[in-house]
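# An overview of the molecular structure
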Amino acid sequence: MNTKKLLAILLAAIMMLALAACGDDPAPTPTPDPDPVDTPNEGGEDAQSVLTMYTFTDAPDLVGTAWNFVGGCVNGVVMTEDQVNEVLSQMDDYYQFYFNDETTVTLYQGNDTAPEGTYSAVNDATVKIEVEGVTYAAVFAEGEYGPLLVAMLDSTGTNALVFEMIAEG
C-alpha cells in the first residue's frame, strides 16, 4: 500500500473516531473571538481550539473556488510547519478542496486521488462538507493572505484542517 493511501486511511480513521464521539450534534456555529490569537502555540502542551484562533466571517460564494491545505490542529495541538510539509509530501504536495457547483465538491489528495462529495449551508457561517463518509463542519475566517476555510472534524474545534483560498469563483 502506498504511503498516500496509508496516510489517507489514518486521517480518515482519526476523523471517524472524532465524529463518532460527536454523535448527532449539529454543526457548531462559531462565535467570533474579539481578540483572535495571531500566532497559535505550535506544538504547545495546552489544547487549543480553532474556534479561539480566528475571527470568523460568513461563508463566501463557494462555486468555482479552490482551497489549498495550509495547516491544522490535531487533538488541540497546532501542526508545525514540518508536520504540514510531511502531510503535503505524502499527497504529492497537493491537498485541495474544489467547489464544482452549488452542491458538489472534490477533495484532491495528490495527483491521482480526487473523490467527489457534497456540501450544503447549515447557516450563514457554516457549511457541511461530506466526502467519502467523512463530515466536516466548515467555517470561514480571514487569514494573512486571504480567506481561510477551517474544516472541523469535531464540535470542539481541536481537530481541524485549515485551507487557504487560491482561486475565486
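The coordinates are above.
Each chain carries its own residue numbering, running from 1 in the direction its sequence is written. Residues qualify for local features only when their pLDDT is at least 70, as the model is predicted, and side-chain atom pairs are given and counted only at 80 or more; totals for whole chains, interfaces and linings, by contrast, use all residues. Water and hydrogen atoms play no part in the side-chain values, which are based on all heavy atoms of the structure.

### So, helix α2 (residues 81-90)
- Within the sequence span of α2, burial applies to V84, V87, L88 and Q90. Buried residues of α2, viewed axially, fall in a sector of 160°; they line one side. Looking at α2, the residues exposed on the side facing more than 90 degrees away from the buried face are E81 and D82.
- Positive backbone phi, approximately 55°, marks D92, located one or two places after α2. Relative accessibility thresholds used throughout: buried, under 20% of the residue-type maximum; exposed, over 50%; partly exposed, between the two (1.4 Å probe, protein chains only). Only DSSP runs of H or I reaching four residues or more are called helices, and only runs of E reaching two or more are called strands; each is numbered from the N terminus. What the arc describes is the spread of directions from the helix axis to the C-beta atoms.

### Overview of unusual backbone geometry
- A positive phi is found at D92, a non-glycine position, where the angle reads about 55°.
- What makes D92 partly exposed here is its relative accessible area of 36%.
- Residues other than glycine seldom take positive phi values, yet E132 does so here, at roughly 50°.

### Quick word on the pairing of strand β7 (residues 126-131)
- By definition, two strands form a pair when at least two bridges between them are found by DSSP. Both strand β6 (residues 116-121) and β7 contribute to a ladder of five bridges, which runs antiparallel. The residue bridging Y119 from the neighbouring strand is I129, located in β7.
- Here β6 hands over to β7 after four residues, the two strands then running antiparallel side by side.
- Pairing of β7 with strand β8 (residues 134-143) involves six bridges; the strand directions are antiparallel. When the bridges of β8 are listed, I129 appears paired with Y136.
- Between the antiparallel neighbours β7 and β8 lie two residues, among them E132 with a positive phi of about 50°.

### Focus: the environment of N100
- Residue position: N100 is located in the loop between β4 (95-99) and β5 (104-109).
- C-alpha of N100 to C-alpha of T65: the two residues are 35 residues apart in sequence and 7.8 Å apart in space.
- Not counting residues within four places of it along the chain, the set of residues in contact with N100 comprises V63, V105, T106 and E116. Pairs of residues are marked as contacts when any of their non-hydrogen atoms sit within 4.5 Å.

### Examining the environment of T65
- Mapped onto the elements, T65 comes out in the loop between β1 (56-57) and β2 (66-74).
- Since its relative accessible area comes to 1%, T65 is described here as buried.
- As a C-alpha pair, T65 and E168 span 103 residues in sequence and 4.7 Å in three-dimensional space.
- We define a polar contact as two N or O atoms separated by no more than 3.5 Å, with the added condition that, inside protein, one atom must be a possible hydrogen donor and the other a possible acceptor, whereas residues neighbouring each other in sequence contribute only through side-chain atom pairs. Here the side chain of T65 touches L62 through a polar contact of 2.7 Å, landing on its backbone oxygen.

Geometric values such as these leave the question of function open.
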